[in-house]
Amino acid sequence: MNRLYILGALLVSLAGALAAAPAAVAQPSPDFIAKREAFIDRLMKRMTVQEKIGQLRLRSVEAGPHPDMIGFEKEISDGRVGGIFNTVVRPGIRVLQDAAMRSRLKIPLFFSFDVIHGQRTIFPVDIGVASSWDLNAVHTMGRISAIEASADGLNLTYSPMVDISRDPRWGRNSEGFGEDTYLTSKMGAALVKAYQGDDPSQPGHIMATVKHFALYGAIEGGRDYNTVDMSERRMYDDYFPPYKAAVDAGAAAVMIALNSVNGEPATSDKWLLQDVLRKEWGFKGITISDHGAILELIKHGVAADGQDAARKAILAGTDMSMSDTIYDTNLAPLLKSGKIGMADIDRACRDVLRVKYDLGLFKDPYRDIGAAADDPPDTFAESRLHRPEARKVADESLVLLTNKNHALPLKKAGTIALIGPLADDQADVMGNWAGAGRVHQTVSLRQGIRNVAGDKVRVLYAKGANITDNPEVVAYLNHYSHDVHIDPRSEADMVKEAVDAARQADVIVAAVGESVGMAHEASSRSDIVIPPLQERLLEALKATGKPLVVVLMNGRPLALTWEAENADAMLETWFSGTEGGNAIADVLFGDVNPSGKLPMTFPRAVGQVPLYYNHLPTGRPFDPAHPDKYTSRYFDITNGPLFPFGYGLSYTTFGVSDVKLSAPTMKAGGTLQASVTVTNTGDRAGATVVQLYLNQPMASVSRPVKMLRGFSRVDLKPGESRVVSFPITDDDLAFYNQQMKRVVEPGKFNVYIGLDSDTVKATSFNRL
């Protein structure tokens, strides 16, 4: 077994202790910084202009044969490439690093990849991990991802994605941590620390790239790559904090967003990349354009041609150009014409070299991969996977949405009809951006039920329906995705097979939702219901009169009004990774008591979007207890969410006491303790997430009706009680006023503590 995997077992075992206490990020010593800068000074004095420009090029090695590999290697040996992405095996990495070592100055390459929720072992998609509300789970995923990626020779990942999103139509919701600023900030920072540790040059560590800076999740209409128009105050209060938290945690790189912000594409936005990121936040790492984004400045309408686009990007502060030749072609002519200065190229080059130095690549360009003789005989060996950790994280990520008359957990006896297009699927359960994971190593729900329930349960399987019968969607998925298999049988024949199986069973488990290609980059949806073909299948299954358990697989909140009314139980499983089938079966049969909580609001219909819990008040708020026409409402639908932010059921029940405060007032700079007693009032051991929300009912500007400011997972045995306390400080109360100053304004503050954003106990205090 590779030495990094032995080390990995030890590192992962420490994850809980490391994640539980948010230690300060280790800073390089003054001596280290002095040596690094002196080294870079000496190196840059020896570099030609073209070699400096070469460091600013991030080249992709796409899948498939490469007839021009000789030419590609020559580019590298000529010193015209700074980094590589999409090469994920040691032999491929080694041959390219060999080419770099043939260059005049032997400046090493760094190697990067989209390690989003796992490298070889695939964890739940990030919105699923966010549903755990557990920083230990985030840390475990990050450590194992780093250990496995580092062992493959990778140095940097394009993660975490901390874009706040309040629109479930956006396909990339699956890659983020949801709608809330506080939760996303905590999870993004934890993931950065897990990847990088205190010293990213050490074995089993990689560097993090926080993305997409900035505001990518706020695109209009949830339509990918669209524009953003937002007030500066909302940026600073709601959308900027997760990026800043990741930078403060030590993120080595920032990927720039593809969208424009108030009319200026982020790739050419000097205010974003220099004034905010560098000057205000003190970021010292590299900025990387998104794929081909510099050339896209022409289509944005802010650059006349490629040379103009390169000029605007380098002057704004875009260090590295991803997957194009625009810097290689245009920076030298721009320098010669005086349209940019040598200082602009030097600044960007220094940023790239600094990251390579911090990675230890100048000391050992082959760190972690060693010699060819040391390569594992099977890159994709089963022994390289971390299955127990992936299963535990997946167990915590599942959210029980409904459970009428205790339909769940299922008994490990009798007959189950397992129905649905996702019931025996190994590809979709992995989720999008599945690293270097392998489909054949992934546990489907069908296999998971066999593993968990054993021979005592008879399982009758029928696919029942395809993912969709919409010809436009099918064409899109077949063109852009390779995960869709369309069964040629008629809908009537497939439904009949499913209904026949259901009639022989004691209970129906229907696995429905989205394919990976429907919840991905460039996969925005105009509607967020389960595809009608699958809904018709559910209606036919419901008509049998047998108990109906709906297992959802999806990458975004869905509108589930019919399902919530008609299913006997509904379990949100997202895309749960390599061990997904086992984890879902763990919960279905009660081996694991579900504890997940929603990180995004589930609307009743797409017409309610955007719908999020921490909205601003209005002068005419809707009151469901006393409805009135002239209030902020929809007249044709039940108002409010189907499932609120922070919501999730358990197989046991929990009681929460009234809120107690350590004092009725809080002085400037002081700390107040808010506490409740949580009791397991049921007959099963279980975990829940206690959530603290604050609200300032009157201030110089309108403040959100609730703001998450603390959370704590609590495991309790039946009848057990525990006091859960949250400190409240001025940092929790601060906001940006009309003059864009971060202030704490004295006055009344409401305190809410509960098990979701709607069901809370309340009290208040005065900030003096």
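Residues numbered from 1 in each chain as written. Predicted model: local features only at pLDDT ≥ 70, side-chain atom pairs only at ≥ 80, totals over all residues. Heavy atoms only, no water.

A. Structural context of empty space enclosed by the protein. Under the criterion given, the structure shown has four cavities of 30 Å³ or more. What the largest cavity holds in volume is close to 90 Å³. Lining the largest cavity, in full, are Met47, Glu51, Gln55, Ile76, Gly79, Arg80, Val81, Ala100, Ser103, Leu105 and Ile107. Taken together, the residues of the lining of the largest cavity break down into six nonpolar, three polar and two charged. (1 Å grid on protein atoms, 1.4 Å probe; cavity = no way out; pocket = protein on both sides within 12 Å on 5 of 7 lines; lining within 4 Å. Points joined across faces, edges and corners; volume = space filled by probe spheres on them. Nonpolar A, V, L, I, M, F, W, Y, C, P; charged D, E, K, R; others polar.)

B. Up close: the sheet that holds strand β11 (residues 399-403). The strand order β11-β16-β15-β14-β12-β13 describes an open sheet built from six strands, whose pairing is mixed. The sheet is open, and its two borders are formed by β11 and β13 (457-462), each paired with just one other strand. Each strand of the sheet is rotated relative to its neighbour by a mean of 20°, with strand direction disregarded. Of the pairings in the sheet, the one linking strand β15 (residues 548-553) to strand β16 (residues 569-572) comprises four bridges and is parallel in character. Each residue of the ladder has a partner; that of Val549, found in β16, is Ala569. (Pairing = 2+ DSSP bridges. Helix = DSSP H or I, 4+ residues; strand = E, 2+ residues; numbered from the N terminus. Axes fitted to C-alpha atoms, helices over the stretch in contact; angles between N-to-C directions.)

C. Molecular detail of the sheet that holds strand β19 (residues 665-666). Here we have five strands laid out as an open sheet, ordered β19-β27-β26-β21-β22, and mixed in their pairing. Pairing within the sheet leaves two strands with one partner each, and these edge strands are β19 and β22 (707-716). In this structure, β19 lies alongside strand β27 (residues 760-767), joined through two bridges in parallel fashion. If you follow Thr665 over to β27, its bridge partner there is Asn766.

D. Inspection of the pairing of β16 at higher detail. Neither face of β16 is open: one carries Ala569 and Leu571, the other Met570 and Glu572, and all of them are buried. As paired strands, β11 and β16 are joined by four bridges and run antiparallel to one another. The partner of Leu400 across the bridge, within β16, is Leu571. Crossover handedness for the path β15 to helix α21 (residues 561-566) to β16: right-handed. (Buried < 20%, exposed > 50% of the residue type's maximum accessible area, 1.4 Å probe, protein only. Right-handed = clockwise from strand over helix to strand, strands pointing away.)

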